Amino acid sequence: MTKLSVENKKRLEQLATPTIANVLDDLGFEGTMCGLKPAGLGMKVVGKALTVQEITGPYGSFSTEDFKVGHMIEAASTGDIIVVANNGAPVSTWGGMASYSAKLKGIGGLVVDGGIRDREEIIKFEFPAFSKHMVPTPGKTRIKVLSIGEPIVCANVKVRTGDIILADGTGVLCIPFEHLNTVIENAESYAKDDNQAMTEMKEGLTFIEALSKFKKI
């Protein structure tokens with residue numbers, strides 16, 4: 001599998017999700033995972049996705065062995081972002097101890113279309129985690145892992161293991177790996193224009209004039 005280069009990772013870390021989202025629109029790719037929020041302020045992460053598919057049922061639906069949080073951690077490599085599709089279920093698939101273990105291993109972060117818990121511990125361990133719900137409800141016997149490493153749909157976005165995840169305070173995005181270089185180059189161009197527009201606004205350019213000059217309308 002192609003690696004995310006150190007250079008590209010650093011370039012992505014300088015970009016915000018709204019800027020990337022503009023470029024994904026240009027490419028015709030719906031990459032925004034709506035409704036996912038960071039566990040704490042200031043969390044941001046860039047890395048390759050490791051995909052996980054889950055299902056959820058009432059308490060007692062599955063065995064404790066079906067939960068497989070440890071399997072997710074073992075399958076992830078340094079810098080990976082574990083991306084879990086659980087159809088937005090308000091049940092916790094991840095908590096403080098898993099965050100601690102993942103942090104020790106060097107895993108980059110977590111994205112869950114579903115629930116996580118232990119907000120205070122996640123923040124304490126400085127582990128970037130993004131989810132639809134923050135909820136104490138245990139996942140054991142409620143959640144079953146169906147696959148690890150297979151294509152998923154997370155918060156209505158198609159994600160493959162190896163695609164690039166960028167998450168910050170505004171939201172979570174998936175970048176198809178084959179379009180990564182184009183996305184970075186175009187996003188950097190957008191960011192440069194935005195910075196120049198703000199500089200000229202400070203010098204007297206109106207907001208409408210700035211939008212027109214930098215082709216934002």
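Colleague: Got a minute to help me understand the packing of helix α1 (residues 6-13) against helix α6 (residues 180-202) in this structure?
Modeller: The axes of two packed helices give the description: the angle between them and the distance between them. Running from N to C, α1 and α6 point in directions that differ by 40°, and their axes come no closer than 10 Å. Taken together, α1 and α6 sit at an angle that is classed as oblique. Relative to α6, α1 is oriented so that their crossing is left-handed. Between α1 and α6, the residues in contact are Asn8, Arg11 and Leu12 and Leu180, Asn181, Ile184, Glu185 and Glu188, respectively. Tallied by class, residues from the contact of α1 with α6 come to three nonpolar, two polar and three charged.

Colleague: Whenever I open this one, the pairing of strand β4 (residues 81-85) confuses me. Can you help?
Modeller: Taken residue by residue, a regular strand's side chains alternate between the two faces of the sheet. Across the five residues that make up β4, a large majority, five, are buried. Residue alternation in β4 divides its side chains into two sets, Ile81, Val83 and Ala85 and Ile82 and Val84, and both sets are buried. Pairing analysis gives five bridges linking strand β3 (residues 45-56) to β4, with the strands arranged parallel. Bridge pairing in β4 links alanine 49 to isoleucine 81.

Colleague: What's the story with α6 in this structure? I'm lost.
Modeller: Given 3.6 residues to a turn, an α-helix orients residues that are three or four positions apart in the same direction. Between the first and last C-alpha of α6 there are 33 Å, a value that for 23 residues agrees with the 33 Å anticipated at 1.5 Å per step. Residues of α6 that are buried include every one of Leu180, Val183, Ile184, Ala187, Ala191, Ala197 and Glu200, and no others. For α6, the elements touching its buried residues are α1, α2 (17-27), β10 (164-167), β11 (172-175) and α7 (207-213). Immediately beyond the C-terminal end of α6, within one or two residues, lies glycine 204, with a positive phi of roughly 125°.

Colleague: Just checking my understanding: could you explain the packing of aromatic side chains for this structure?
Modeller: Here the distance between the centres and the angle between the planes together describe a pair of aromatic rings. Tallying each qualifying case throughout the model produces two aromatic pairs. Centre to centre, the rings of tryptophan 94 and phenylalanine 127 are 5.9 Å apart; their planes meet at 15°, and the pair counts as stacked. Here the residue tryptophan 94 occupies a position in the loop between β4 and α4 (96-105), and phenylalanine 127 occupies one in the loop between α5 (119-124) and β6 (129-134), the gap between them amounting to 33 residues. One exposure class covers both tryptophan 94 and phenylalanine 127, and it is buried.

Thresholds, definitions, all that
Residues numbered from 1 in each chain as written. Predicted model: local features only at pLDDT ≥ 70, side-chain atom pairs only at ≥ 80, totals over all residues. Heavy atoms only, no water. Axes fitted to C-alpha atoms, helices over the stretch in contact; angles between N-to-C directions. Helix = DSSP H or I, 4+ residues; strand = E, 2+ residues; numbered from the N terminus. Parallel < 35°, antiparallel > 145°, perpendicular 65-115°, else oblique. Left-handed = near helix turned anticlockwise from the far one by under 90°. Contact = heavy atoms within 4.5 Å. Nonpolar A, V, L, I, M, F, W, Y, C, P; charged D, E, K, R; others polar. Buried < 20%, exposed > 50% of the residue type's maximum accessible area, 1.4 Å probe, protein only. Pairing = 2+ DSSP bridges. Expected span 1.5 Å × (residues − 1). Phe/Tyr/Trp six-rings, centres within 6.5 Å; stacked < 30°, edge-to-face > 60°.

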